[in-house]
Amino acid sequence: MATLASRLNLSNVAEALTTSRQRRENVYGYLFLTPWLLGFFGLFIGPGLFSLYLSFTKYDVLSAPEWIGLDNYIKMFFEDPLFYTSLGRTFYYAGVGVPLGVVGSMFLAILLNAKLRGLATYRTLFFMPSLVPIVASVVLWKWLLHADFGIINQWLVDLGWSDPPGWFGDRRWAIPSLIVMGLWQGLGGTRMIIFLAGLQGIPESLYEAASIDGASPIHKLRHVTIPLLTPTIFFNMVLGIIGGLQVFTAAFVATEGGPGFATTFYSLHLYRHAFDYWNMGYAASLAWFFAFVIVSLTIWQLRLSRRWVFYYGS
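Residues numbered from 1 in each chain as written. Predicted model: local features only at pLDDT ≥ 70, side-chain atom pairs only at ≥ 80, totals over all residues. Heavy atoms only, no water.

A.B. asks: Lay out the pattern of salt bridges with the relevant residues and their values.
C.D. replies: This model, assessed by the stated rule, comprises 1 salt bridge. Between R172 and D170 there is a salt bridge, with its nearest N and O atoms 3.4 Å apart. Given the relative accessible area of 65%, R172 is considered exposed. For D170, a relative accessible area of 18% puts it in the buried group. (Salt bridge = Lys/Arg side-chain N within 4 Å of Asp/Glu carboxyl O. Buried < 20%, exposed > 50% of the residue type's maximum accessible area, 1.4 Å probe, protein only.)

Structure (structure tokens):
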């Protein structure tokens, strides 16, 4: 009996020590989380909820917010002449630029995944444009695509194009110019690295089995590489669409929304109402509608992915 009692006492002591250690670790965990929690609630949730309130008010920063209900949203949908056009331009930019960027980055990663001499040098060269600050990139491309003195137009004239595009100064070519600039900077950047990681995760045994079956490189690409890359393609598509819909800096620096509002994207339209016209309430309503659009598109992509994304081994 004495031995049993001593064992029970030791068991209770060990349990108490374990519980005390777990509590101490929990306290330390919450202490380390505190800076992030303060930032999350103080710099994200708090301002986000306040902006939701402002979207139902008339607010110009200098005076107190005045509650106006749904007037900002009514103005957005029925009175703002740039609302639908800016939204359309934004979808045009993202709808063309993102698929081209994802496909281009994928095939670039496939090429740079081959076992070639000097491969690290090639990867570095293709990655370098993504390191160029966006403002410096805009300055470079404004010089390259200058309608009268740009190198690109001089080449086009030498090739026989008598009337080359006006690029940033032409309403028809302004958005394609921004797309070209974005592709130059983004093809070899983070998106390509993610594809390289996805390619290196494909088992080599599958390629060996395909070779034994007599598959050509094209068949391997179609039936092995691309199907097993679909999770990576999906991931890059989601991030690319979110980023593409938020295009702002390139248009703001290159064209300031011109010529003739041709590059007035939704984010630039929102920015002008907030910081040029000091109509913070209306800008908040624009922001919340756009957040709803982006979240809805992301959910739609997640549901659609069940039809074409293949997870190997699941």
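A.B. asks: Give me the lowdown on helix α5 (residues 134-144), citing residues and values where you can.
C.D. replies: Of the residues making up α5, those classed as buried are S137, V138, W141 and L144. In an axial view of α5, the angular spread of the buried residues amounts to 125°, which keeps them on one side of the axis. Facing away from the buried surface of α5 by more than 90 degrees, the exposed residues are V139 and W143. Here the buried face of α5 lies against α6 (151-158), α7 (174-186) and α11 (249-254). (Helix = DSSP H or I, 4+ residues; strand = E, 2+ residues; numbered from the N terminus. Arc of directions from axis to C-beta. Contact = heavy atoms within 4.5 Å.)

A.B. asks: Got a sec to walk through the nonpolar core? Specific residues and values, please.
C.D. replies: Side chains of nonpolar character tend, in soluble globular proteins, to be buried together. With 39 residues, the main nonpolar core has M76 and Y266 as its most contacted residues. Going through the elements one at a time, α2 (71-78), α3 (83-112), α8 (190-200), α9 (204-212), α10 (217-245), α12 (266-276) and α13 (280-304) are the ones with two or more residues in this core. The contact partners of Y266, leaving out residues within four places of it in the chain, are M76, F83, S86, L87, T90, L286, F289 and F290. (Core = buried A, V, L, I, M, F, W, Y, C linked by side-chain atoms within 4.5 Å.)

A.B. asks: Tell me about the layout of surface pockets, and name the residues and values.
C.D. replies: There is about 740 Å³ of room inside the largest pocket. Counting only elements with at least two residues in the lining of the largest pocket, the list comes to α3, α7, α8, α10 and α11. For the lining of the largest pocket, the per-class residue count stands at 12 nonpolar, 14 polar and 1 charged. Estimates place the volume of the second largest pocket at around 490 Å³. (1 Å grid on protein atoms, 1.4 Å probe; cavity = no way out; pocket = protein on both sides within 12 Å on 5 of 7 lines; lining within 4 Å. Points joined across faces, edges and corners; volume = space filled by probe spheres on them. Nonpolar A, V, L, I, M, F, W, Y, C, P; charged D, E, K, R; others polar.)

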